[in-house]
Structure formats: C-alpha cells, structure tokens
Amino acid sequence: EKDTGLPRHHKLHRIPPFDNRYPPKAKSYLEAAKDTYHYLLTFEAIQHLKKGEPSPNYTRYCYPSKMHSAIIEGLLEHAELEPSVKAEAIEIATQSANFMIRTAIPAGQPLEYLPRTYLMPTTEAGKNLAAVPKLGTIMMIYPVKTGNAMIRLYKETKNQAYLNYAVKIGEQYLRLQREDG
C-alpha cells in the first residue's frame, strides 16, 4: 500500500467499556469530601501538630512543603464545610504554617525564605525515602503551593506573618526568574 502521508481510514467499533450496572452511590460527593476532611483532622499525625512540631513517627513529614501546604488547604476546606471544627482546624493549620516558616531556607542563602522540599526523615523506615539523597534541594513547584496556602490562611486568620511569608516566597520567585521568563 502506498503511503500518502494522509491519515488512513479505519472502521472503528465503539463499545462502551462499562455496562452501567453499578450499585447506588453510597454517599454524595459533598458527604465524601466531609468524611475525607474529618479523617484529615482526626489523623494522629495531624493532631500531633497541635504541639507545634510534626509527629516524629509519621514518615511523610520529610516532604514538608508538599505535606504542610496540603494540610493547611485541607483543614481550611474542612473549616469552611463544617463550622463546628473551625477553631481546631485553624489551630492545627497555623501550627503547620508556623513550622514551615521556622524551617524555611534562612535569610542570606541563595534560596532564602523558600520552604524546604525535603527534611531528614525521623523514622528508620523514612531513611530509605527519596528525601534523603535530595536534602538541601528545592522543587520549585512547591513554594507556590505553600505561598497559596499561606495567603489562604492569612485571609482566615488576618495574621500578617502568613501574608508576609507568602510575599517573601513571591519575591524570591521574581529574583530567580531569568530574563527570558
């Protein structure tokens, strides 16, 4: 067959991949979201943040900017959907934010103020995670997530420290941006 460079015409048969025999949904999307946020709030490693530090027994805290920005966002969503937990959710979100600010790259260093992507794991199992060989490196997608979480927390608490930190992150992005964008 001669190749003309044009797409070939084929007969296609469309067969639905599912036969629509599904059980009724167990709950609405809103109910599922509320259950998920409730689990986040009550998870032991999240509750431990009330002490001002992440749980040393939770391996994934070695990814601070990823974990803490998600915790802040999730807890603020939960507080919005369930006003009865608002005070507790904001308390934990602020402790999470304070930890990120305390552990950010110090002033005067090339990536000053950026939240750390990796910290040394505190569990034996964590010592095998990808964080260990990458200590000191920053994945540049996570500071913006942290900045967004800080702005959202500022809007909720009116604590200027969170807005100031978000601005420092933004200013660092501007300093690091090359002329070509």
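Note that residues are indexed from 1 along each chain, following the sequence as it is written. A pLDDT threshold of at least 70 governs which residues receive local features in this predicted model, and a stricter bar of 80 or more applies before side-chain atom pairs are shown or counted, although totals over entire chains, interfaces and linings include all residues. In computing side-chain values, all of the structure's heavy atoms are included and hydrogens and water are not.

Q: Looking at this structure, I do not really get the pattern of salt bridges. What am I missing?
A: Two side chains with opposite charge may pair up if their charged atoms get near one another. For this analysis, a salt bridge means a side-chain nitrogen from Lys or Arg found within 4 Å of a carboxyl oxygen belonging to Asp or Glu. Applying the stated criterion across every chain yields a total of 10 salt bridges. The salt bridge partner of Lys34 is Glu82, with a shortest N-O separation of 3.5 Å. Taken together, the residues Lys34 in helix H1 (residues 29–42) and Glu82 in the loop between helix H3 (64–81) and helix H4 (86–102) connect sequence positions 48 residues apart. A salt bridge links Glu73 to Arg152; its shortest N-O distance comes to 2.7 Å. Here Arg152 lies in helix H5 (residues 142–157) and Glu73 lies in helix H3, a separation of 79 residues in the sequence. Each residue's exposure class comes from its accessible area (1.4 Å probe, protein chains only) as a fraction of the maximum for that residue type: buried when under 20%, exposed when over 50%, partly exposed otherwise. The exposure class assigned to Glu73 is partly exposed, which follows from its relative accessible area of 24%. When its relative accessible area of 22% is taken as the criterion, Arg152 is described as partly exposed. Starting at the N terminus, helices and strands are each numbered in turn, a helix being any DSSP run of H or I of at least four residues and a strand any DSSP run of E of at least two.

Q: I keep staring at the packing of H4 against helix H6 (residues 160–176) and nothing clicks. Help me out?
A: The N-to-C vectors of H4 and H6 enclose an angle of 45 degrees; their axes lie 11 Å apart at closest approach. Judged by the inter-axis angle, H4 sits oblique to H6. Relative to H6, the crossing made by H4 is left-handed. Of H6, the residues touching H4 (which contributes Thr94, Ala97, Asn98, Met100 and Ile101) are Ala161, Tyr162 and Tyr165. Split into classes, the residues belonging to the contact of H4 with H6 amount to six nonpolar, two polar and no charged. Axis geometry follows a simple rule: fit a line to the C-alpha atoms, using only the stretch in contact for helices, then measure angles between N-to-C directions, giving values from 0 to 180 degrees. Roughly parallel means an angle under 35 degrees; roughly antiparallel means over 145; roughly perpendicular covers 65 to 115; every other angle is labelled oblique. Left-handed is the label given to a crossing in which the near helix is rotated counterclockwise from the far helix by less than a right angle, and right-handed is the label when the rotation is clockwise. Residue contacts follow a heavy-atom distance rule, with two residues in contact if any of their heavy atoms lie within 4.5 Å. Classes in brief: Ala, Val, Leu, Ile, Met, Phe, Trp, Tyr, Cys and Pro nonpolar; Asp, Glu, Lys and Arg charged; the others, Gly included, polar.

Q: Sorry, what's going on with the nonpolar core here?
A: Counting residues in each nonpolar core, the largest one holds 35 residues, and the members touching the most others are Ile46, Tyr61, Tyr63, Ile72, Leu75, Met150 and Leu153. Counting residues per element, the ones that place at least two in this core are H1, helix H2 (44–47), H3, H4, H5 and H6. Beyond its immediate sequence surroundings of up to four residues, Leu153 is in contact with Ile72, Leu76, Ala93, Thr94, Ala97, Lys158 and Tyr162. To qualify as a nonpolar core, a set must consist of buried Ala, Val, Leu, Ile, Met, Phe, Trp, Tyr and Cys residues joined through side-chain atoms within 4.5 Å.

Q: Just to check I follow, could you spell out the packing of aromatic side chains for this structure?
A: How two aromatic rings sit relative to each other is set out by the distance from centre to centre and by the angle between their planes. Pairs were defined over the aromatic rings of Phe, Tyr and Trp, the Trp ring being its six-membered one, requiring ring centres within 6.5 Å. Orientation was assigned from the angle between planes: stacked under 30 degrees, edge-to-face over 60, tilted for the rest. Here the structure, examined in full by the defined rule, presents four aromatic pairs. For the pair Phe43 and Tyr58, a centre-to-centre distance of 5.4 Å together with 80 degrees between the ring planes defines the contact as edge-to-face. Highlighted residues: Phe43 in the loop between H1 and H2 and Tyr58 in the loop between H2 and H3, separated in sequence by 15 residues. The exposure class assigned to Tyr58 is partly exposed, which follows from its relative accessible area of 24%. Summarising the aromatic geometry, the rings of Tyr58 and Tyr61 are spaced 5.1 Å apart at their centres and angled 75 degrees between planes, so their arrangement reads as edge-to-face. Under the relative-accessibility criterion, Tyr61 is labelled buried at 6%. These aromatic residues form a ring-pair network of at least three members: Tyr39, Phe43, Tyr58 and Tyr61.

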